[in-house]
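Given next are the chains, with one letter for each unit.
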Amino acid sequence: MRMIVEGAAAELAAPHIRDEHVLEMRRLSSATLVVGDKTSYRVFMQSNQSFHELIASASENGRIVKATKQTFDEIQRVLFTDLTEAEDGNLTHDHDEIIEALAKRDGAAARRAVIEHIKQSRDRVIRRMLRRDDVLERMNLFT
């Protein structure tokens, strides 16, 4: 769902992007998640959501804005569940390609960058879930 909605949002937003949008996207993307620091979790999660919602808003399509917000509300916790220092370390947002495509007002490149970003995020979450399940499975074998 995210790939469809946010990919479309990025493509539609590209011609409407202003320099102020680019600056705000860079600011939001500078947040770092420091494993073990609960304040940084909140800031990181909110800046990530705000980044994606900013793109949706720039699309000037109310349905895309609503769908983006709803999707984030539904998945936000899953994106950052089970982070441990040994697994992921400190995280930074990986939005650079999206920002660069939008700064160039290149809608097709922005769509591709958003879709790739979402795939990478999905894959990170799946790897964490598989590691957690593997650990739980090994624990059950020895109890």
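Anything mentioned here points back to the structure above.
Residues numbered from 1 in each chain as written. Predicted model: local features only at pLDDT ≥ 70, side-chain atom pairs only at ≥ 80, totals over all residues. Heavy atoms only, no water.

(A) Representation of empty space enclosed by the protein in the model. Tallied over the entire structure, the rule returns one cavity of 30 Å³ or more. Volume-wise, the largest cavity comes out at about 30 Å³. Surrounding the largest cavity, Glu-6, Ala-9, His-52, Ile-55 and Val-114 form its lining. For the lining of the largest cavity, the secondary-structure elements that each account for two or more residues are α1 (2-13) and α3 (38-58). Classifying every residue of the lining of the largest cavity gives three nonpolar, one polar and one charged. (1 Å grid on protein atoms, 1.4 Å probe; cavity = no way out; pocket = protein on both sides within 12 Å on 5 of 7 lines; lining within 4 Å. Points joined across faces, edges and corners; volume = space filled by probe spheres on them. Helix = DSSP H or I, 4+ residues; strand = E, 2+ residues; numbered from the N terminus. Nonpolar A, V, L, I, M, F, W, Y, C, P; charged D, E, K, R; others polar.)

(B) Focus on the nonpolar core. Core analysis: the biggest nonpolar cluster contains 27 residues, and Ile-17, Met-25, Phe-51, Ile-55, Ile-64, Ile-98 and Leu-102 have the highest contact counts within it. Elements that contribute at least two residues to this core include exactly α1, α2 (19-29), α3, α4 (62-79), α6 (96-103) and α7 (107-141). For Ile-64, the residues in contact, after removing those within four places along its chain, are Val-5, Ala-8, Ala-9, Leu-12, Ala-56 and Ser-59. Core analysis: the next-biggest nonpolar cluster, separate from the first, contains five residues, Ala-31, Val-35, Tyr-41 and Phe-44 among them. (Core = buried A, V, L, I, M, F, W, Y, C linked by side-chain atoms within 4.5 Å. Buried < 20%, exposed > 50% of the residue type's maximum accessible area, 1.4 Å probe, protein only. Contact = heavy atoms within 4.5 Å.)

(C) Molecular detail of the pattern of salt bridges. Scanning the model with the defined rule gives eight salt bridges in all. Here Glu-11 and Arg-111 are joined by a salt bridge, their closest N and O atoms 2.4 Å apart. Of this pair, Glu-11 sits in helix α1 while Arg-111 sits in helix α7, placing them 100 residues apart in sequence. Owing to a relative accessible area of 33%, Glu-11 belongs among the partly exposed residues under this scheme. Put simply, Arg-105 and Asp-19 hold a salt bridge, and the shortest N to O gap is 3.4 Å. Taken together, the residues Arg-105 in the loop between α6 and α7 and Asp-19 in helix α2 connect sequence positions 86 residues apart. According to the relative accessible area criterion, Arg-105 is partly exposed, its value standing at 33%. (Salt bridge = Lys/Arg side-chain N within 4 Å of Asp/Glu carboxyl O.)

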